[in-house]
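So you can see what is in the structure, the chains are spelled out below.
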Amino acid sequence: MQKYSIFSLARNALTRHENWREAWRSPDPKPEYDVIIVGGGGHGLATAYYLAKEHGVTNVAVVEKGWLGGGNTGRNTTIVRSNYLWDESAGLYEHSLKLWEGLSQALNFNVMFSQRGVLNLAHNLHDLRELSRRVNANRLNGVDSEILSTDEVKAFCPLIDCSPDIRYPVLGASLQRRGGVARHDAVAWGFARAADALGVDIIQNCEVTGFQRTEGRVEGIETTRGIIKAKKVGVVAAGHSSVIAAMAGFRLPIESHPLQALVSEPVKPILDTVVMSNAVHAYISQSDKGEMVIGAGIDGYISYSQRGGFDVVEDTLQAVVELFPTLSRLRMLRQWGGIVDVCPDASPIIGKTPVDGLFINCGWGTGGFKATPGSGNVFAHTIAHDEPHPLNAAFSLDRFSSGALVDEHGAAAVAH
Ligand code: FAD
Ligand code: PYC
């Protein structure tokens, strides 16, 4: 583990960090690995870390076509919670939330996980009934969750306009107090540094362009930096899962949509929780820098364009100002988009593929950041044992032929 004294910090500052040790190495690819992970986002890096840490599989490479965290990991709005409806999802997301609670210590890297609570607002009777059903289901699964009345919402988050005569009055909310936010790129960097220290090779600027297969079994990957052999390959390439599956000769039941977000100019601390409203299609939190972090539902069309659009800014800000009139004169700084792979039941796919030795972890749609440690943890188990971890057994690809779907459109809490 790297250690810096006050003197070395000063020396590095004065020498423009020229001798600063890198947080992870940038090796050339070896000819062969036991496991290759395709995709250097949080999920891919977490998978590599847990393969090495918990299963002793250290001859591992993570190959990333761009830079670490340059996909959805670095583009998301960092909401972490585990208040999903069905037992299978509650098990998976709660496993992840528990890992978040010890993650900075485990990685010895501050991922700035802040359990400031997540509110989901109800604006009509249907919302209230749906939230109550989910809160009850959460409690049966040991997940902390509660219903707040309008007055309790006002007391918990005074900035929200709870007056009865607005277009979408607040009739109540669900609250998960253990939910919150984290610093997204720190998550990628923390997992990368810890995986590297355990011997994992992290190879950036290396795009996978095809697979080497013999008799239905994967033997390696074709990349912009040549062929790399592997006994097993795990694909964790959010936004491009279908493109990669097509390279390996199978199809996924996935649609890829842009999901947009934006931030305001920074202001003093005014919002110390996360507020989501599915009915008005907006959610908001305040970053540690002071920016208001705002997001919308997915774009209605399929696209691979990682850009923001003015129509979404306009609609989303109208919704935000309706709930938070105080923010009406804030200026917006930046907007962007990420490509999210959405499954028909708004739940992920984690497990084997029709190609032996090739595993896939995808379809997290609008909500995979919160799952980063848990997803990596169970996917590493799946790859190491050639069998799903009990927590991801229900999330196999064959549920789309068996019909055993896990419909989480309500809990996804971002309009699809
Ligand atoms: P990524 O970080 O996208 O990593 C996949 C990597 O694969 C990328 O770096 C990509 O470059 C790489 N790759 C692709 N193709 C190839 C190839 N051929 N060869 C090599 N590498 C390749 N989730 C939440 O839980 N809470 C939120 O608040 C939240 N907000 C969001 C807001 C926005 C605007 C967006 C876009 C998403 C949001 N999400 C949220 C969803 C979340 O970001 C994703 O589900 C999650 O980050 C996926 O992580 P990942 O590591 O699988 O993907
Ligand atoms: O899954 O909680 C979530 C989320 C919030 C914003 C985007 N996804």
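Right above here is the structure, for reference.
Residues numbered from 1 in each chain as written. Chains lettered and ligands numbered in written order. Predicted model: local features only at pLDDT ≥ 70, side-chain atom pairs only at ≥ 80, totals over all residues. Heavy atoms only, no water.

Trainee: Can you explain the pairing of strand 9 (residues 208–214)? Please cite residues and give values.
Mentor: Examined bridge by bridge, strand 9 and strand 10 (residues 217–223) share 6 bridges and lie antiparallel to one another. Looking at the pairing, Gln 212 lines up with Gly 220 of strand 10. Following strand 9, the chain reverses through 2 residues before pairing antiparallel with strand 10; Glu 215 in that reversal takes a positive phi of roughly 45 degrees. (Pairing = 2+ DSSP bridges. Helix = DSSP H or I, 4+ residues; strand = E, 2+ residues; numbered from the N terminus.)

Trainee: Explain the site of ligand 1 residue by residue, including any values.
Mentor: Around ligand 1, 38 residues are found, and the nearest of them are Glu 64, Asn 72, Thr 73, Thr 77 and Lys 370. At a separation of 3.0 Å, an oxygen atom of ligand 1 approaches a polar backbone atom of His 43. At 2.7 Å, a side-chain N or O of Glu 64 approaches an oxygen atom of ligand 1. In isolation ligand 1 offers 1,000 Å² of accessible surface; the protein chains occlude 96% of this area. At the level of secondary structure, the elements contributing two or more residues to the shell around ligand 1 comprise helix 2 (42–55), strand 12 (255–264) and strand 16 (332–342). If one sorts the elements of the shell around ligand 1 by residue count, strand 12 sits on top with 3 residues. Here the residues of the shell around ligand 1 sort into 15 nonpolar, 18 polar and 5 charged. (Near = heavy atom within 4 Å. Polar contact = N/O pair within 3.5 Å; in protein donor to acceptor, adjacent residues only side chain to side chain. Areas by Shrake-Rupley, 256 points an atom, 1.4 Å probe, with all protein chains shown as cover. Nonpolar A, V, L, I, M, F, W, Y, C, P; charged D, E, K, R; others polar.)

Trainee: Describe the environment of Pro 158, naming the residues involved and giving the relevant values.
Mentor: Mapping Pro 158 onto the fold places it in the loop between helix 6 (150–156) and strand 6 (172–176). Sequence-wise, Pro 158 and Leu 271 are 113 residues apart; in three dimensions their C-alpha atoms are separated by 8.8 Å.

Trainee: Before we move on, can you summarise the packing of aromatic side chains with the specific residues and values?
Mentor: One pass over the structure, following the stated rule, counts 7 aromatic pairs. Here Tyr 93 and Trp 364 contribute two aromatic rings whose centre-to-centre distance is 5.9 Å and whose plane-to-plane angle is 85 degrees, an arrangement assigned as edge-to-face. Of this pair, Tyr 93 sits in helix 3 (residues 87–101) while Trp 364 sits in the loop between strand 18 (358–362) and helix 10 (372–385), and the two are 271 residues apart along the sequence. Accessibility expressed as a relative area gives 3% for Tyr 93, which makes it buried. The class of Trp 364 is buried, set by a relative accessible area of 12%. A network of ring pairs unites the aromatic residues Tyr 49, Tyr 50 and Phe 191 as a single cluster. (Phe/Tyr/Trp six-rings, centres within 6.5 Å; stacked < 30°, edge-to-face > 60°. Buried < 20%, exposed > 50% of the residue type's maximum accessible area, 1.4 Å probe, protein only.)

Trainee: If you had to explain the site of ligand 2 to someone new, which residues and values would you point to?
Mentor: Near ligand 2 you find Thr 77, Ile 79, Arg 81, Met 276, Tyr 283, Thr 366, Gly 367, Lys 370, Ala 412 and Val 414, and these make up its full shell. Thr 366 places a main-chain nitrogen or oxygen 2.7 Å from a nitrogen atom of ligand 2. A distance of 2.5 Å separates an oxygen atom of ligand 2 from a polar side-chain atom of Lys 370. When ligand 2 is considered free in solution it has 240 Å² of accessible area, and contact with the protein chains removes 96% of it. When grouped by side-chain class, the residues that make up the shell around ligand 2 number 5 nonpolar, 3 polar and 2 charged.

Trainee: How would you sum up the layout of surface pockets? Please name residues and give values.
Mentor: Vacant regions in the atomic arrangement are exposed by a probe of water-molecule size rolled over the atoms. For the second largest pocket, the calculated volume is near 460 Å³. As for the second largest pocket, its lining consists of 23 residues, of which Arg 183, His 184, Ser 287, Glu 291 and Val 293 are closest to the centre. Those elements that provide at least two residues to the lining of the second largest pocket are helix 7 (184–197), strand 14 (282–286) and strand 16. Counted by class, the lining of the second largest pocket contains 6 nonpolar, 9 polar and 8 charged residues. (1 Å grid on protein atoms, 1.4 Å probe; cavity = no way out; pocket = protein on both sides within 12 Å on 5 of 7 lines; lining within 4 Å. Points joined across faces, edges and corners; volume = space filled by probe spheres on them.)

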